[in-house]
Amino acid sequence: MSQPLLGLGQKALEAWAQEHGEAAFRGRQLHDWLYAKGARQLADVSVLPKGFRERMAAQPPEAAFDWMGRSRELHRSVARDGTTKLLLGTHDGLSIETVGIPAEGRLTVCVSSQVGCPMACRFCATGKGGLQRSLAVHEIVDQVLSVREVMEQRPSHVVFMGMGEPLLNLEAVLAAIDCLCTDLGMAQRQITVSTVGVPRTLPRLAELALERLGRAQFTLAVSLHAPDQRLREELIPTAHAYPIEELLEDCRRYVALTGRRVSFEYILLGGLNDQPRHATALAQLLRGFQSHVNLIPYNPIAEEEFQRPTPAAVDGFRRALQDRHVAVSVRASRGLDADAACGQLRRRLEGSLEPVLAR
């Protein structure tokens, strides 16, 4: 079965060109047009012989995508701070979100790894719709190219913090990281993989990264969101299958295998998990751990009545961790006026986009 060219490396593209009757250097040209120029259609690659392009246009791939494998933009939402959220249409009529987050001297792209998500976190709009399928390598890489194209800026960082649970699509996520580094010229240290935790998967992630990528220098971010199992299960129903003690033990094994510290994400929900006693319990939980805590003030979604924490609560929580010698930072909220929460834009436009997706 045919596969899109996006996501293939230079050697694979050289082989593809030769399989279709062209010299290997045509594959190198195609690689440049795919990754450096962001070509969307094979017909756009003007350095390829016209006859070859016409021949390939008459022999489309067996699947519904075209040769290049680029997604189409369905909707664009731009916040006052420049944060740009794109809703992209897949070849099979589904939609995914990706976000470009500009800051001084950098552009971070937040990518999705699945269409929807099975983890059902109560505070997440994506989890409300369940899982439809995992994304292929080309669909992940395309999000970075799409943001680069729209924002006319080279991305400096990529975070797997969009729709989906990356560790449930491990093979494609690692292949996408390889493509981003090898073909787009990014460094692993510019990439973050975020997970809410999948039993017995973190050590496997470490082993596969070392095997497939040669090293594991990307940042692993584990979403805790609570300092104890009871509250964590209340916020993340699927956490009942993965006790917090087992999750932390797998994190320690990951650190031992990779030599990289783990970053813990903690979403602050007003009055629920943002009190001084929660900070004290979290510091105790992470005692002796080579880690960093990233505090995230909650972005409200329509389906839940969780409250955004007050600035005083955020600052108090941060200081409580610092006083207990826990490395901590607070993530600045971006795009609050433009469906900032993950999955929010997709859910808001679901009905209105059905005719577009059908086409």
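Cut-offs applied
Residues numbered from 1 in each chain as written. Predicted model: local features only at pLDDT ≥ 70, side-chain atom pairs only at ≥ 80, totals over all residues. Heavy atoms only, no water. Axes fitted to C-alpha atoms, helices over the stretch in contact; angles between N-to-C directions. Helix = DSSP H or I, 4+ residues; strand = E, 2+ residues; numbered from the N terminus. Left-handed = near helix turned anticlockwise from the far one by under 90°. Contact = heavy atoms within 4.5 Å. Nonpolar A, V, L, I, M, F, W, Y, C, P; charged D, E, K, R; others polar. Parallel < 35°, antiparallel > 145°, perpendicular 65-115°, else oblique. Expected span 1.5 Å × (residues − 1). Buried < 20%, exposed > 50% of the residue type's maximum accessible area, 1.4 Å probe, protein only. Arc of directions from axis to C-beta.

(A) Here's a closer look at the packing of helix α9 (residues 276–285) against helix α10 (residues 311–323). With their axes 9 Å apart at the nearest point, α9 and α10 run at an angle of 35° to one another. Considering only the axes of α9 and α10, their crossing is right-handed. Only Phe317, Ala320 and Leu321 of α10 make contact with α9, whose side of the interface consists of His278, Ala279, Leu282 and Ala283. Tallied by class, the residues present in the contact of α9 with α10 amount to six nonpolar, one polar and no charged.

(B) Here's a closer look at the packing of helix α1 (residues 10–19) against helix α2 (residues 24–35). Axis separation between α1 and α2 bottoms out at 7 Å; the angle between their running directions is 125°. Put simply, α1 runs oblique to α2. Here α1 and α2 pass one another in a crossing that is right-handed. Contact residues: α1 offers Gln10, Leu13, Glu14, Trp16, Ala17 and Gln18, while α2 offers Ala24, Arg26, Gly27, Arg28, Leu30, His31, Leu34 and Tyr35. Classifying every residue of the contact of α1 with α2 gives seven nonpolar, four polar and three charged.

(C) Structural context of helix α8 (residues 244–258). For α8, which comprises 15 residues, the first-to-last C-alpha distance of 21 Å matches the rise-based estimate of 21 Å (1.5 Å per residue) to within 8%. Of the residues making up α8, those classed as buried are Ile244, Leu247, Leu248, Asp250, Cys251, Tyr254, Val255 and Thr258. Seen from one end, α8 has its buried residues packed into an arc of 155°, which puts them on one side. Opposite the packed face of α8, turned more than 90 degrees from it, sit the exposed residues Glu245 and Ala256. Summarising the contacts, the buried residues of α8 are in contact with α6 (202–213), β9 (219–223), α7 (229–235), β10 (262–268) and α9. Of the residues one or two after α8, Gly259 is the one with positive phi, at around 75°.

(D) Summary view of the side chain of Thr84. In this fold, Thr84 is placed in strand β2 (residues 84–89). Excluding residues within four positions of it along the chain, Thr84 makes contact with Arg76, Ser77, Val78, Thr98, Val99, Gly100, Val150 and Met151.

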